[in-house]
Amino acid sequence: MKLVTWIFRIVLFVLLFVLALRNTGDADLQLFFGAVWHAPLILILLAAFGLGIVAALAAVAPGLMRQRMEAARLRRALGEARTATTVDTVPPEAKPGVPYNVVGPKV
């Protein structure tokens with residue numbers, strides 16, 4: 001499965017690299033207030049991709065932080081619960097030195 005994943009990554013990289021080489025022509029990006037950005041088309045596409053990544057991370061970050069804080073709170077509560085309860089794992093009828101499977105009167 002890892003081989004298939006690496007082959008897919010290599011093919012995707014080669015396709016994107018060829019796309020970048022074929023789109024080196026100059027392009028004009030009309031911005032607000034009459035501003036114009038003259039740059040190669042691939043650079044404009046890379047900038048748009050980067051802005052998309054930043055926007056996606058900004059949209060996801062509050063939910064992730066909320067989940068991390070909740071997980072930390074639950075871990076603390078679990079740790080406190082484990083230390084607060086001291087459960088004796090030895091049953092009260094078992095006495096030291098007496099095996100559990102002895103048949104006969106209780107000592």
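Residues numbered from 1 in each chain as written. Predicted model: local features only at pLDDT ≥ 70, side-chain atom pairs only at ≥ 80, totals over all residues. Heavy atoms only, no water.

Visitor: Give me the overall build of the chain: which residues, what numbers.
Guide: Looking only at helices and strands, the chain features 2 helices and 2 strands. Of all 107 residues assigned to the chain, the portion counted as buried reaches 4%. Accessible area for the chain stands at about 10100 Å²; split by element, carbon and sulfur atoms hold 72% of it. (Helix = DSSP H or I, 4+ residues; strand = E, 2+ residues; numbered from the N terminus. Buried < 20%, exposed > 50% of the residue type's maximum accessible area, 1.4 Å probe, protein only. Areas by Shrake-Rupley, 256 points an atom, 1.4 Å probe, with all protein chains shown as cover.)

Visitor: Can you explain the packing of aromatic side chains? Please cite residues and give values.
Guide: Summed over all chains, the structure comprises 1 aromatic pair. Relative to Phe-17, the ring of Phe-13 lies with its centre 6.0 Å away and its plane at 20°, an arrangement referred to as stacked. Of this pair, Phe-13 and Phe-17 both sit in helix 1 (residues 2-22), separated by 4 residues, roughly a single helical turn. A relative accessible area of 56% means that Phe-13 is categorised as exposed. Lying over the aromatic face of Trp-6, Arg-9 brings its terminal NZ or CZ to 4.9 Å of the ring centre. (Phe/Tyr/Trp six-rings, centres within 6.5 Å; stacked < 30°, edge-to-face > 60°. Lys NZ or Arg CZ within 6 Å of the ring centre and 35° of its normal.)

Visitor: Describe the pairing of strand 1 (residues 26-30), naming the residues involved and giving the relevant values.
Guide: With 5 bridges joining them, strand 1 and strand 2 (residues 36-40) adopt antiparallel strand pairing. Bridge pairing in strand 2 links Asp-26 to Pro-40. Connecting the antiparallel pair strand 1 and strand 2 is a turn made up of 5 residues, with Phe-33 showing a positive phi of about 60°. (Pairing = 2+ DSSP bridges.)

Visitor: With reference to specific residues and values, describe the pattern of salt bridges.
Guide: According to the stated counting rule, one finds 1 salt bridge in the structure shown. The shortest N-O distance in the salt bridge between Glu-70 and Arg-73 comes to 2.6 Å. Of this pair, Glu-70 and Arg-73 both sit in helix 2 (residues 41-84), 3 residues apart, which is roughly one turn of that helix. You can call Arg-73 partly exposed: its relative accessible area is 41%. (Salt bridge = Lys/Arg side-chain N within 4 Å of Asp/Glu carboxyl O.)

Visitor: Before we move on, can you summarise unusual backbone geometry with the specific residues and values?
Guide: Positioned with a positive phi, Phe-33 is a non-glycine residue whose angle comes to about 60°. You can call Phe-33 exposed: its relative accessible area is 89%.

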